[in-house]
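# Fold and contact review
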Amino acid sequence: MSGEPDSESRRSGRKRPGILLKLVVAFAVPTLLLFAGFAVVAQEAAKRELETELGKRLTAVASAAAKQLRNVAYLSELGPGDEEDIAYLRARRDLQSTAQATGVSRLYLFDRDYRSVADTSDDVPLGSVHFQAELDRAELSRMFDDGEAKASVLFEGKDGRFYKAA
């Protein structure tokens, strides 16, 4: 055995990859693919867990806001033109303070017909229909039946940001 290249390598004029390069490729490529797979799985698991935790926190805020409100039966009897009613103003103030204290962007109260009873947004008149809430009709129907707060699925808003409701 001499240290000269074999006849095939001499004919083609190029060197064959060494054993070190072959070993690196044989071990590095599968290892990198394995780590990339783990990263994807870990990211999806973290995303699911974060969404679940957000749902739990939002339902806790919704439950706390609901317990804070007084005269809910009376509020559901109000309609357009009753915006100066003391119970309505108190309900809005309570919702606004809860939203501010918890960092929630918006809190609103509506009846079984999805009509606004109180809202932290000035753009939603008393008695107007919450069309976004109607999209969660199935979850809300169960919530109205058993009285337990529920969270919606994560959804993308018109502004491209993701939201979750409870």
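None of these values were measured; they are calculated from a predicted model.

## Digging into the pairing of strand 2 (residues 116-119)
- Relative to strand 2, strand 1 (residues 108-110) runs antiparallel, the two being bridged by three bridges. Across the sheet, residue F110 finds its bridge partner in strand 2, namely S116.
- If you look at the hairpin formed by strand 1 and strand 2, you'll find five residues sitting between the two strands, and Y114 has a positive phi there, around 65°.

## Side note on the packing of aromatic side chains
- The tally for this structure, following the rule as stated, stands at two aromatic pairs.
- Ring geometry for Y108 and F110: centres 5.8 Å apart, planes at 35°, overall tilted.
- Exposure remark for F110: the relative accessible area of 16% places this residue in the buried category.
- Connected via pairs of aromatic rings, a cluster forms that spans Y108, F110 and Y114.

## Some points on unusual backbone geometry
- The backbone of Y114 sits at a positive phi, close to 65°, despite the residue not being glycine.
- Summarising the element assignment, Y114 is placed in the loop between strand 1 and strand 2.

## Description of the environment of D111
- Mapped onto the elements, D111 comes out in the loop between strand 1 and strand 2.
- It is 14 Å that separates the C-alpha atoms of D111 and L69, two residues lying 42 residues apart in sequence.
- When neighbours within four sequence positions are excluded, D111 is seen to be in contact with V117 and F144.
- Among the polar contacts listed, one links the side chain of D111 to the backbone nitrogen of D113, at a separation of 3.0 Å.
- Here the side chain of D111 touches R115 through a polar contact of 2.9 Å, landing on its backbone nitrogen.

Rules used in this analysis
Residues numbered from 1 in each chain as written. Predicted model: local features only at pLDDT ≥ 70, side-chain atom pairs only at ≥ 80, totals over all residues. Heavy atoms only, no water. Pairing = 2+ DSSP bridges. Helix = DSSP H or I, 4+ residues; strand = E, 2+ residues; numbered from the N terminus. Phe/Tyr/Trp six-rings, centres within 6.5 Å; stacked < 30°, edge-to-face > 60°. Buried < 20%, exposed > 50% of the residue type's maximum accessible area, 1.4 Å probe, protein only. Contact = heavy atoms within 4.5 Å. Polar contact = N/O pair within 3.5 Å; in protein donor to acceptor, adjacent residues only side chain to side chain.

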